[in-house]
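The lines below spell out each chain.
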4 protein chains.
Amino acid sequence: MALFCPIIAVIGGDTIFIYFFLCVFVSPCEEYLMAPFRPIIAVIGGAAPTPEEEAAAEAVGRALAEGGAILICGGRGGVMEAACRGAKSAGGLTIGILPGPDRREANPYVDIPIVTGMGEARNVIIARTAHAVVAVGGSYGTLSEMAYALLFGVPVVALGSWEVRRAGHPPAPIIYAVTPQEAAAHALALARK
Amino acid sequence: MALFCPIIAVIGGDTIFIYFFLCVFVSPCEEYLMAPFRPIIAVIGGAAPTPEEEAAAEAVGRALAEGGAILICGGRGGVMEAACRGAKSAGGLTIGILPGPDRREANPYVDIPIVTGMGEARNVIIARTAHAVVAVGGSYGTLSEMAYALLFGVPVVALGSWEVRRAGHPPAPIIYAVTPQEAAAHALALARK
Amino acid sequence: MALFCPIIAVIGGDTIFIYFFLCVFVSPCEEYLMAPFRPIIAVIGGAAPTPEEEAAAEAVGRALAEGGAILICGGRGGVMEAACRGAKSAGGLTIGILPGPDRREANPYVDIPIVTGMGEARNVIIARTAHAVVAVGGSYGTLSEMAYALLFGVPVVALGSWEVRRAGHPPAPIIYAVTPQEAAAHALALARK
Amino acid sequence: MALFCPIIAVIGGDTIFIYFFLCVFVSPCEEYLMAPFRPIIAVIGGAAPTPEEEAAAEAVGRALAEGGAILICGGRGGVMEAACRGAKSAGGLTIGILPGPDRREANPYVDIPIVTGMGEARNVIIARTAHAVVAVGGSYGTLSEMAYALLFGVPVVALGSWEVRRAGHPPAPIIYAVTPQEAAAHALALARK
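Residues numbered from 1 in each chain as written. Chains lettered and ligands numbered in written order. Predicted model: local features only at pLDDT ≥ 70, side-chain atom pairs only at ≥ 80, totals over all residues. Heavy atoms only, no water.

(A) A look at the interface of chain B and chain A. Each partner contributes residues to the interface: chain B has 30 residues there, and chain A has 30 residues. In this assembly, chain B packs against chain A so that about 2500 Å² is buried in total across both faces, 60% of it on carbon and sulfur atoms. Joining chain B to chain A, the criterion identifies four salt bridges. Between Glu 163 of chain B and Arg 165 of chain A there is a salt bridge, with the nearest N and O atoms lying 2.8 Å from each other. Where chain B touches chain A, the interface holds 12 residue pairs in polar contact (both at pLDDT 80 or more). Those elements that place two or more of their residues in the side of chain B that touches chain A are α4 (122-129), α5 (140-152) and β9 (163-165) of chain B. The dominant element in the side of chain B that touches chain A, judged by the number of residues it contributes, is α5 of chain B, at nine residues. For the side of chain B that touches chain A, the residue count by class is 15 nonpolar, nine polar and six charged. (Contact = heavy atoms within 4.5 Å. Buried area = accessible area lost by both parts, 1.4 Å probe. Salt bridge = Lys/Arg side-chain N within 4 Å of Asp/Glu carboxyl O. Polar contact = N/O pair within 3.5 Å; in protein donor to acceptor, adjacent residues only side chain to side chain. Helix = DSSP H or I, 4+ residues; strand = E, 2+ residues; numbered from the N terminus. Nonpolar A, V, L, I, M, F, W, Y, C, P; charged D, E, K, R; others polar.)

(B) Region of the structure containing helix α5 (residues 140-152) of chain D. All names here are of chain D. For α5, built from 13 residues, the straight-helix expectation of 18 Å at 1.5 Å per residue is met to within 8% by its first-to-last C-alpha distance of 18 Å. The buried count for α5 comes to 11 of 13 residues, which makes it a mostly enclosed element. Every buried residue of α5 is accounted for by Tyr 140, Gly 141, Thr 142, Leu 143, Ser 144, Glu 145, Met 146, Ala 147, Tyr 148, Ala 149 and Leu 150. Positive phi appears at Gly 153, one or two residues downstream of α5, with a value of about 75°. (Expected span 1.5 Å × (residues − 1). Buried < 20%, exposed > 50% of the residue type's maximum accessible area, 1.4 Å probe, protein only.)

(C) Spotlight on the relation of the copies chain B and chain A. Of the transformation placing chain B onto chain A, the axial shift is 0.0 Å and the rotation is 180°, giving an RMSD of 0.0 Å. Taken together, the rotation and translation describe the operation of a two-fold axis. The share of interface residues of chain B whose copies in chain A are also at the interface is 100%, consistent with both copies meeting through the same surface. (Least-squares fit on C-alpha atoms with pLDDT ≥ 70 in both.)

(D) Fine view of the side chain of Thr 94 of chain A. Residues and elements named next belong to chain A. Tracing the chain through its elements places Thr 94 in strand β5 (residues 94-98). We classify Thr 94 as buried; its relative accessible area is 0%. In contact with Thr 94, other than residues within four places in its own chain, are Leu 71, Cys 84, Ala 87, Lys 88, Tyr 109, Val 110, Asp 111 and Ile 112.

(E) Looking closely at the packing of helix α2 (residues 51-66) of chain B against helix α6 (residues 180-191) of chain B. Residues and elements named next belong to chain B. Running from N to C, α2 and α6 point in directions that differ by 40°, and their axes come no closer than 8 Å. By the criterion of interaxial angle, the relationship of α2 to α6 is oblique. Handedness of the α2/α6 crossing: right-handed. Between α2 and α6, the residues in contact are Ala 56, Ala 59, Val 60, Ala 63 and Leu 64 and Pro 180, Gln 181, Ala 183, Ala 184, Ala 187 and Leu 188, respectively. Partitioned by chemical class, the residues of the contact of α2 with α6 number 10 nonpolar, one polar and no charged. (Axes fitted to C-alpha atoms, helices over the stretch in contact; angles between N-to-C directions. Parallel < 35°, antiparallel > 145°, perpendicular 65-115°, else oblique. Left-handed = near helix turned anticlockwise from the far one by under 90°.)

(F) How the structure looks around the packing of aromatic side chains. Considering all chains together, one arrives at 10 aromatic pairs over all chains under this definition. One aromatic cluster is present, formed by Tyr 148 and Phe 152 of chain A together with Tyr 148 and Phe 152 of chain B through successive ring pairs. Against the face of Phe 152 of chain A rests Arg 128 of chain A, its NZ or CZ located 3.9 Å from the ring centre. (Phe/Tyr/Trp six-rings, centres within 6.5 Å; stacked < 30°, edge-to-face > 60°. Lys NZ or Arg CZ within 6 Å of the ring centre and 35° of its normal.)

(G) View of the pairing of strand β7 (residues 132-136) of chain D. Residues and elements named next belong to chain D. Along β7, five of the five residues are buried, which leaves the element largely enclosed by surrounding structure. Across the two faces of β7 the burial is the same, with Ala 132, Val 134 and Val 136 and Val 133 and Ala 135 all buried. Bridging between strand β3 (residues 40-45) and β7 involves five bridges; their strand directions are parallel. Bridge pairing in β7 links Ala 42 to Val 133. Taking the sense of rotation as the criterion, the β-α-β connection linking β7, α5 and strand β8 (residues 156-159) turns out right-handed. (Pairing = 2+ DSSP bridges. Right-handed = clockwise from strand over helix to strand, strands pointing away.)

Worth remembering: the numbers are spatial, not functional.
Set out below in structure tokens:
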């Protein structure tokens, strides 16, 4: 992708220095212009997390944004809001797939609120859109999203979340992480495959 | 099944005719006319069951119909078809919530094909519409339906299906049955609560 | 359609009369047992109709049930409730595709409430499931259903409803009826094609 | 649009260099970081447009991006692709709400593919998410999106698209534009209300 180099004239004493800068700060912006090539990674989890889960979600969101991913989530509070806050703290882009009919339902860290009005059926969209999913804690809604991701062949990383088991069925390919950084690293690696 | 025996007294001249109608044939029909008061029970499970799962699904479908329930399912093959076949063998009514855009996707035992064209998002509708859910085997699609039912507070009975567990989370209120008859009995009892 | 004839013994005075009844009332029930072969016809329209629209919807619902169709609608009040009431008055079967998350949203004449929780996205399901659609009055929700039916190739009959036109586009194949009976007759004929 | 002018003082030897960066190139990027405050405007229309419609859609997309809007569309070919191409030519951000289950269905100018797998039910999401809608030509799918936007109170601008009319109903508040620029200007103005 084209780099760009503003020409900056600097007057210092009696000399004019002309600098060609490689605007490293611009690079995160550039990535937005290349959005189709960046992985979209979901952080899923409940609206009423414990403080530990909330902190974990924020750390996951930050690490995903630092890793160059776009964050997708359900757009509401709790784990979703913490993940978005984390992603924004690292200059990331955040997408919220909202269940209700009103974009004001989005938490303040959602850049792009997608308003479905479809209730919990929107969980399908999160699972289908993501290149990988990180589950942080969560209740049955989170379990439905994990199940959908497994159904669609989307990699699932769990951090203090559900274990599922069926006698006679191969083990579900869920990756259990212990730290937020590990969870994000797994998701970033799997999303790029 | 409740018999329907109106006693009708007809006064004709000086004679009293007393009619006892034992309308045995009418009783299954009658229930359709009272559909809003009959429970709708879902049988969920995979499109590629084992022979044992297929037999179990058929037995569950039959027992549910004998118990007066309307059957709802995903409308396709495998466990869904077996459950519908069982329900029809007992004169039941069957509803198929189809994922694709074409009603011909329904198995031949579906009375009422509901055509969603919404893919796996239709799983939400099955879970929301049912008064109780019986899972027979199944893969991740089935797990998503169980998760949705748990999310919506709809009773879930499992027959050789998923177990779910999250550390620090109360156990999921899934009832594990051993026989199809037991599964159907649980579902019928829970649906009527 | 196979008729069935219960034998009824009537004791009157010293005489025993044996009656062979032709249970004409049973025939509508029988049809439920053959539901897959009956057309499903939608009546669409607003929740706040005029008295004339409400009466028309009821007459359409009745005529459709008399014609052997299963009625599908949005399951709520106004035109939807009137159509269901009409269908039930003729012994029909009624399906309500509900937008909200609760089956109690259904009007009292809905036999089978399908609970989507998907808001207005449920309009797609009504249009896809129906073999034909009758629009009675209606506002923009009704227009969306007409558009979907046209998109899916489902015949649309309008009774005091929307006209649509696009310069350079072939006229939309909407049939404009003048009376409820005419609307129902068109829908029944088109649904059987 | 806010310019971004960091002043950087660099002390080198005995000279103070003062740098004024006028990062004009950064400003479009900045907007991505402020995405929640930018309007999201939909361009809707068919997959098989005339060359004139395609050119119009591209011009609308470009004008919307120049006006600071994020573009949302159905993500596929025809009008959708032309609008995305136009938006990208002006450095805009594009969102595609895809009907199918696979992100590869997106046209090459979609930055953020949202994969619904919900077929035409995804039209609801486009209408709900947009602050305003521009219809360019289009067939019945487009009509369904216009109807949904009208239902949700989202402003609709039409460019060679549908006219709708119902006797006894107030005229639909569709704004008919003649040029792409006019259509985009209306949409931008209405979206900011």
